[in-house]
Structure formats: C-alpha cells, structure tokens
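Next come the chains, spelled out residue by residue.
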Amino acid sequence: MKWFFALNALTEHLAAYSDMVKVAVVSARRHTTLEPIFLYDGPRNALVEWLEANGVRVIERRTRIHDELAQLAAEKADPFILQCGAGAFLRLEIPSLCVEQGWTDEEVLYTDCDIMFTADVADQLPGLRGYFIGAAPEGEQHNPDFINSGVMLMRVPSLLQMEKPFWQFVHEKLARMVTFGWDQAAYQWFYRHGWKHLPLELNWKPYWGINDAARIIHFHGPKPFHRLAVEHRVALPQQLELARGEGFAHYCRQWDACLAEANQVRAS
C-alpha cells in the first residue's frame, strides 16, 4: 500500500520535523511493507537527499490554495497561517496526484510526519467500500465523531468523485478553517457522514498511556523535541498536560532509538 506524508519547508522547527520524518521512515521500513511517498513544498535540502537515499519517492508539490493562504496570512498579519496551512493542506492533493501519476490504487494511507510505526498495519486497515476516508478519534477515545486527520485511510475513487465540490467547499470555508482545525475541519465538516472509524491503535496518542497493541504512535500535542521544555515546566500549559503520565516519556525513548538508527544512514 502507498503511504503518503508531507512537509512544507516554511514550517516552524524544520530541523526537528526533518528528524520526525526520518523516524517515520525508519520505523515504517522496520515494521511494514508500505511504499513511502513524500510530498514536499520547498527547496532541495539534506532531508530530501536522505529520503531519496533511503528509497523514498519525493514529489514536489504545492497546495492549490497556497496563494489564498498567503493572502489570509497577510490580511491577519499572521505568518503561521501559511507556515502551517501550506503543509497541512497538502494531503488534500493526494487523490489528484494519484490520477496524475497513473496510480490506480483504490486505497492509500496518509499520516502526519510526527508518527512512529511500532508494528505492521496491514491487518488492521479496514476496507472502505461505501466510505470516503477512515479515521480515528482526535483526543477523546470515546468521541469517534470528532476525527483526527493525522492518520487517514483514503479511498481514492470515492474522493475523486467528490473532488470538485470538496475543493469548492474548502475555498468557501478556508478563512474559518485556518482558525479551527485546518485540513481536519475540511474532512470533518464535508464528509460528516462519510467516514469509517479506524481502530485506536492506528492513531495512538502518548497521552492515552502505554499500549503494546498500538501500531502507529502519533505525537499529537507535545513532540519529542518539546521534552526539554516539558521537563523544565516551561512548555505551553496544554503540552504540559498532555505530557503527563508514562506514555510520552516511554514513546520518546522508542523514538530516540529510531532517530539514532536513521542518523547512522548517510545520504549518498
């Protein structure tokens, strides 16, 4: 199965996010047979070289709403709108990209960069016939109707059928999306009755605790590079709250091991 992940070079903490990309790739290679495809908006850099040297297909891509995001960022004097949005909305390009590349896969997997595979996922992915996407809950395990787009199973033919009205919806609601949910709001609002619930183990958050059955760990909230701020109690209050318990430290240690492995591999 094709696995897509994406990054915008304007993002804050690019070096830290580059490390997270490497961990995602190394852990996927160790535990899965996924075919990695990286969507990237930015200049060629050391990360791109590392990815290509490690068998990842890198595709240069810019979200079609880049100019609108830039305009909103200027109007609101908030550069974060472009820094975040230019990467977050890249996942919406996946169905069109599949057509352009001549790929006929019915279902593909998307994840954010801040994830780590801990086991194979193939036997946990449900069929999506009759649905558009598969997703797990956001922050509350028992609130499956508020989805998290950080891990999504995408049924490409179904999404392509709704491509035009979906993008029209995004254009119309973009100003609201950049203040609430970003791309996640687009899927949440437009496909309100069109998603299938994924097992929690496919989008497991460290603040839910340690789960040996988890297959994808999603550092939702505090990232591994926030640890120093968390330890010194200078992180944002929400990050401090979500880093409580044993889960965050436990999965950060696993993440460190993957990063050490990644750093042993030099780009050719």
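In this text the structure is predicted, and so the values were computed from the model without any measurement.

What counts, and where the lines are drawn
- Position labels on residues start from 1 in each chain and follow its written sequence.
- Given that this is a predicted model, residues contribute local features only at a pLDDT of at least 70 and side-chain atom pairs are listed and counted only at 80 or more, while totals for whole chains, interfaces and linings are drawn from all residues.
- Here the side-chain values reflect all heavy atoms present in the structure, with hydrogen atoms and water set aside.
- The salt bridge criterion pairs a side-chain nitrogen of Lys or Arg with a carboxyl oxygen of Asp or Glu, the two atoms within 4 Å.
- Secondary structure elements follow DSSP: runs of H or I of four or more residues count as helices, runs of E of two or more count as strands, with numbering from the N terminus.
- Buried, partly exposed and exposed residues are distinguished by accessible area as a fraction of the type maximum, computed with a 1.4 Å probe on protein chains only: under 20%, between the cut-offs, and over 50%, respectively.
- Here the aromatic set is Phe, Tyr and Trp, taking the six-membered ring for Trp, and pairing holds for ring centres within 6.5 Å; pairs whose planes are under 30 degrees apart are stacked, those over 60 apart are edge-to-face, and all others are tilted.
- Only lysine NZ and arginine CZ atoms are considered, and such an atom sits over a ring when it is within 6 Å of the ring centre and within 35 degrees of the ring normal.

A. Layout of the pattern of salt bridges. For the structure shown, the criterion picks out 17 salt bridges. A salt bridge links R62 to D41; its shortest N-O distance comes to 3.2 Å. Within this pair, whereas R62 is found in the loop between strand 3 (57-60) and helix 3 (66-75), its partner D41 is found in strand 2 (residues 35-41), the two being separated by 21 residues in sequence. On the accessibility criterion, R62 (48% relative accessible area) is partly exposed. Of the residues examined, D41 reaches a relative accessible area of 7% and is grouped as buried. As a salt-bridge pair, D256 and R227 come within 2.8 Å of each other at their nearest N and O atoms. With D256 in helix 11 (residues 247-263) and R227 in helix 9 (residues 227-231), this residue pair connects regions lying 29 residues apart in the sequence. Ionic contacts of the salt-bridge type, sharing partners, join the residues R61, R64, E93, E100 and E163 into one network.

B. A look at the packing of aromatic side chains. Counted according to the given criterion, the structure contains 18 aromatic pairs. Arranged with centres 5.1 Å apart and planes meeting at 75°, the rings of W204 and W208 form a pair that is edge-to-face. Assessed through its relative accessible area of 15%, W208 is described here as buried. One aromatic cluster is present, formed by F132, F166, W167, F169, Y187, F190 and Y191 through successive ring pairs. Positioned above the aromatic ring of W189 is the side chain of R176, whose terminal nitrogen or guanidinium carbon lies 4.4 Å from the ring centre.

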